[in-house]
Every structure is written in structure tokens, then in C-alpha cells.
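Here is how the chains run, residue by residue.
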Amino acid sequence: VMGEYEPKIEVHFPDSVPAAKESAVKLECFALGNPVPEISWRRTSGVPFPSKVKMKNSNAVLEIPNFQQEDAGTYECIAENRRGKNAARGRVSYHAKPQWLQTITDTAQSIEENLFWECKANGKPKPSYSWLKNGEQMMAEGRVQIENGALSITALNLSDSGMYQCVAENKHGSVYSSAQLMVLASAPSFSKSPLKALLKARSGSEVTLECKPQASPPAISLWKKGNEILQRTERIALFPNGTLKIANVTKRDAASYTCTAKNRFGTASTTGRLLITEPTRITMRPTNMEIIVGESIVLPCQIACDPALDVSFSWAINGQLIDFQRDRDHFERVGGSISGDLMIRNIQLNHGGKYVCVIDTDVESLSTSAILVVKGPPGPPDKVAVEEITDSTAQLSWTPGRDNGSPITGYIIQARTPFTVGWQAVDTVPEVVNGNMLTATVVGLNAWVEYEFRVVARNIVGLGEPSPASAKTRTEDAIPDTAPTDVGGGGGTKSELVITWEFCVSLPAFVRGTAEW
């Protein structure tokens, strides 16, 4: 057709497009042709474009915001009409300046120790590393070794102290990580970690004495018992870090112990006395008990112990420590220094459970426990319902409440009407409702009266709280079962006769009737 020709791409993006991390990349592709060509884009890898990629100007412009490494690759612009098509390609490459993955931190090390520092960074292209000390380039020689981002210095001396920097760089930039190295040189000192002046230990236990002086370089330690240098035995262990352990100690191990620490700058020592005590024994323990609500008891907890020991007692109920100040209305610890008896006054249902007496001394911790069962009247039944009702009976059902430590032995049914004062016990079938029953029939009710019912449970402790009242329910109507009495009359005008009577109904009230003729 005259004037038509295939697309010709006149303007397109370069063959190679460098793109920085998180930058916005714009690729342009303009084509001439008749008819006007349609522009489309694709990645030669076949990977689809993410949702962030936008097309503008009739697809002539491709925008990639927040460019990331996964966006790198070869992009192709295709211009097409019915006379043919043409394409242009270009590679978008990713680059980023270094970013730290691992940095160095300030360090204090003893003289003659070894230093190892390592820094790591990522970037595109991969960064190279160098090290500076006090602003000057470091070279690998002798005690100093540098490999990639790692710096090691063996046998530190005082001249190695200073400010160090690790540098990671590529053609797009560089980053620095700085840290101070302090090389310490000092005589041993126990000012921060002396031995306890008095250490108590139970006979038969294991004792650990730690010798931890501050010293640069680290000090060599020596232990003495009195004036005697300690040697390793089956019971005595001496560790390279200066720790002394004595297994299965006896009274013969009681003495003064001295740790002496020495390095090339000086000597220091620390002394503590070891006291061996006899094991603590519980002489009186609490026992499992059953008790009625409102009573008071004492749970014993008494010991025999070495007089050199400091002793403390504590009590817990169901895993919770008893606060004697907050709960002083019910709980009180009684007894002397070797007695931790617990008095419980006016016991309530929530005081039932497991009681634990804990005895803590300087050298050990002991405990003893007992279960306390608190019995009380039953809890209130629930869900009282009228299943069926006639003119004189009502079929009731309910669910049991808590037995509170003692089985429910029976139930009492109570009712009230608008004509009664308060709740009244009613007759039932069966006459005695035992604790296993959850239904009963109330008998002897009045016809056409609105009733409410409730249930009270009992056990050997006593009567419990009543249940919530049932919904109000009216009995069915019925024919009167008695005739009117005291029928009489008289009076009235010449055109009327007054007749009176009395009718007694089975309610705690009388109804008087009057008829006029």
C-alpha cells in the first residue's frame, strides 16, 4: 500500500546501562513506521516484569523504580506493525557501593595475647579491603597479617595500642569501620574479685573456690591451705584458670585458703576461711490433713541445724509464695529460729491445696510439703428448670454445684409465691431427695398460682447456698374442691335481694364473694 513501511527504531537506550542500587531506571524506545508501530518490552531471560515496572508514552518508556540486583539483565524493545517489526536490545547492569555486614568494635587485650579482627562488606562489584592504624596504611609483615578483611597481630605489645580502621571499597565508593585497641599491662589485683572472708559448706558437698585476679598478661595461680601448698589429689582439683575444687568435704578441710597470682609485673594474693557445717535435718514435718471451713490449724516445720548457719523459712501454697504481710488475716509464721510453723486462721475453701515449707541456709535448701483438704458446705446448684407443671405438681431439674471436699448427701426444694412470706420448703416425690438425684417432683401446689423454685444442697458439713431461682411458672387452673359456706342475705331495696357467702380457697387468704339480684 502506498506510503506504508515497516517500523524503524530511531531512538533507543544504550547497549549497556549501569544502574545504582535503589535508583530509578528509565529505558526509552521510539520508532517510526506506517501504520504507527506498537511498542512492547520483554526480558530476554523470559522472567516477567515485577509489578513495580511501569510503561508510559504508549509503551515507548519503561521505568524501573527502586532498582535491585534481581532487576539486572538484558531488556528488549520490539516495534511492530503489519509491514513488519524491528527490535533493540541493551543490558542493564547492577552496581552498588560497599555496605557493612560485619564491623570491628573497641577491644582491650592483655599484653602478649593475640588479636584477631575481621570486617565484611557486600557491594557490586565485590569490594576490596585495606587496614589503617592511626590513619596510616598497614602492611602485612612479621607479627601483623592481613588477609582480605581479616587483621591478626600476634604477641601484642604496648606499641600496638591505637585507632584501627577497616576500609572496604569498590569503584562506586568506600566505607570505614573504626575501633580502638587498648593493650593492657598490669600486675595482678584482687580488688574486684577477692575470696569471701568466710565461706560455709555442708559436710559431704563439693566446694569451688575461684581465683580471678585482674592481670595483664594473665597471672599464674598458686593455692595454699594455711601454709601448705595444695597439690592435686583424688578429692582436690586445680584448674588452669585458677579454680580450686574440693569434693566430699569434711571437717578436716576447714581452714584458711590463699590464692597467690603472679606475672612479670608483680604478685598479689587473696585469703578466705572455709567453715564446714553439719547437714540440716527436718525434725517435724506437716502431714496431709482434712479440715472444716472456719477452723484454724498449725502446720509444723521444724529443723535441727548447725549453730553457725543462718536459717530462713518460707511457705508456698500451690506454687505461690505466701505474703505474710498481705495475708496476715489468715496466715502467720510462728516459732523460733529453728521453727517455721505456719498458723492458718479461719480457713476458707480457697486455702485448700499443697503447702510447701522451704528452709534456706547458707549452704543448702530443703523443703517438705503436705496436702490440706478444706471441706465446706456445697456450692449452690445451678440451672433450676421446671420441666413439666400441672395444677398441683411441678417436675424440676437442676445441675449440681461444687461439693467442696465432701460429697453431696441430699437436696431440699424451696418455693415462693406472691402470697407467701419468703421461701418455704415444699413436699416432694420422692420425699427425700438424695445427693445422686438431679430431678424431683414437687407436690401439693395450689392451682392457678405463679411459683418460683430453688434448690439447696447439703453434705455432712451443712447446708450450702441456695441456687438461683427458676423462671416464674403458673400452675394450671382446676375446679374448686370445696363449696361456699355461710350463705346468707337480707337488706336491699324492694327491687333487689342481697345474698352473701364465704368461699375458703387453699391459699393463705380468704376470698369473700357478693352477688346482687
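Everything quoted here is computed from the prediction, not taken from an experiment.

**Description of the UniProt feature "domain: Ig-like" (unreviewed entry) in the protein chain**
Listed under "domain: Ig-like" (unreviewed entry) in the UniProt record, and renumbered for this structure, are residues 7–93, 98–182, 188–277 and 279–367. Helix makes up 0% of residues 7–93 and strand 61%, and the two end C-alpha atoms of the span are 28 Å apart. End-to-end, the C-alpha atoms of residues 98–182 are 28 Å apart, and along that stretch the chain is 0% helix and 62% strand.

**What about the UniProt feature "domain: Fibronectin type-III" (unreviewed entry) in the protein chain?**
Here, the residues flagged by UniProt with the feature "domain: Fibronectin type-III" (unreviewed entry) are residues 380–478. As annotated, residues 380–478 comprises 0% helix and 42% strand, and the C-alpha atoms at either end are separated by 34 Å.

**A closer look at the packing of aromatic side chains**
All chains considered together, the criterion is met by six aromatic pairs. Taking 6.3 Å as the distance between ring centres and 25 degrees as the angle between the ring planes, the aromatic pair formed by F67 and Y94 counts as stacked. Of this pair, F67 sits in the loop between β6 (61–64) and β7 (73–81) while Y94 sits in strand β8 (residues 84–102), and the two are 27 residues apart along the sequence. Both rings, one in W117 and one in Y164, keep their centres 5.5 Å apart while their planes meet at 65 degrees; by these two values the pair is edge-to-face.

**What to know about the sheet that holds strand β44 (residues 439–442)**
Hydrogen bonding along the main chain pairs the strands of a sheet, whether they run parallel or antiparallel. An order of β38-β39-β44-β42 is seen for the four strands of this open sheet, with the pairing classed as antiparallel. Two strands close off the open sheet at either side, each with one partner strand: β38 (382–389) and β42 (428–429). With two bridges connecting them, β42 and β44 associate as antiparallel partners. Counterpart to T428 in the pairing with β44 is V442.

**So, the environment of E502**
Along the chain, E502 turns up in strand β48 (residues 498–504). Taking the C-alpha atoms as reference, E502 lies 30 Å from A394; in sequence the two are 108 residues apart.

**Some words on the environment of L27**
You can see L27 is positioned in strand β3 (residues 25–34). Sequence separation between L27 and I64 is 37 residues, and the spatial gap between their C-alpha atoms is 8.5 Å. In contact with L27, not counting residues within four places along its chain, are F13, V17, W41, A60, V61, L62, Y75 and V92.

Rules behind the numbers
- Positions within a chain are numbered from 1, following the residues in the order the chain's sequence is written.
- Residue-level local features of this predicted model are given only where pLDDT is at least 70; pairs of side-chain atoms are given and counted only at 80 or more, and the full residue set underlies all totals for whole chains, interfaces and linings.
- Based on all heavy atoms of the structure, the side-chain values leave hydrogens and waters out of the count.
- UniProt positions are given in the numbering used here, feature names are shortened, and annotations may be inferred rather than shown by experiment.
- Segments assigned H or I by DSSP are reported as helices when at least four residues long, segments assigned E as strands when at least two residues long, and all are numbered from the N terminus.
- Stacked, tilted and edge-to-face are the three classes applied to pairs of Phe, Tyr and Trp rings, where Trp contributes its six-membered ring and a pair requires centres within 6.5 Å; stacked means planes under 30 degrees apart, edge-to-face means over 60, and tilted covers the rest.
- Only strands joined by at least two bridges in the DSSP assignment are considered to pair.
- We call two residues in contact when some of their heavy atoms are within 4.5 Å.

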